[in-house]
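# A structural walkthrough
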Amino acid sequence: LRLGVDGEEGFSYGVDNDWVLAEPAAAKDQQTPEDQKRTAFRKSANWGAFSALVIDAGCSAGEAGISRVVAMLCLTAFHDVMKVEHLQPVVQEGHGPYGGIQVGQRIRDHDTALAYVLEHFPEVLPSFACLPPESRAAVLFTQRKMHFNHGWFVQGEAPPGAMLTTFRSA
């Protein structure tokens, strides 16, 4: 997250193909309109609020913070994998019913399918399986108990009521 180091520049300007921080043109009259917007954002963003958010989320420096960030990155990487129909699991004997889905039935809701795989077959997602137990539990909680829809959250695809209904009950 590197706030206070170079995170602000990375967040504002991004990186190039070699993962080196991108920089806007030095002379203002040579900056593209996009560079000008990014520079204005870099100068006006409330970086203290960003920093507070990182700290409040438990993602600041230290072993626990690093573990939490890694778990979030893993979830980001595989959160929609079960949208691929050929990967959707069938509820196995001894696991059903699972979320109202009977043994022998395919789990077609991609979030429920992911929760099922994380719970019963974690080894098929190595990035999840290698997480520490507390991180695996947190990721599984978001999928199994909260029915957390990553797209709704990150891309603002749903109104807060729809997104937070299960959050309140969890």
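Below is a short write-up of the structure. Note that the structure is predicted; figures quoted are calculated from it, not measured.

A few words now on the side chain of Asp35. Within the secondary structure, Asp35 is located in helix α2 (residues 33-44). Notably, Asp35 is buried but unbridged: the nearest opposite-charge side chain belongs to Arg38, and the N-O separation is 5.4 Å. Residues within four places of Asp35 in sequence aside, it is in contact with Pro24 and Ala25.

Inspection of the entire model under this criterion finds four salt bridges. A salt bridge links Lys83 to Asp80, with the shortest nitrogen-to-oxygen separation between them at 3.3 Å. Its relative accessible area of 51% is what places Lys83 among the exposed residues. A residue is classified by how much of its surface remains accessible, and Asp80, at 29% relative accessible area, is partly exposed.

Conventions we followed
Residues numbered from 1 in each chain as written. Predicted model: local features only at pLDDT ≥ 70, side-chain atom pairs only at ≥ 80, totals over all residues. Heavy atoms only, no water. Helix = DSSP H or I, 4+ residues; strand = E, 2+ residues; numbered from the N terminus. Buried < 20%, exposed > 50% of the residue type's maximum accessible area, 1.4 Å probe, protein only. Lys, Arg positive; Asp, Glu negative; His and termini not counted. Salt bridge = Lys/Arg side-chain N within 4 Å of Asp/Glu carboxyl O. Contact = heavy atoms within 4.5 Å.

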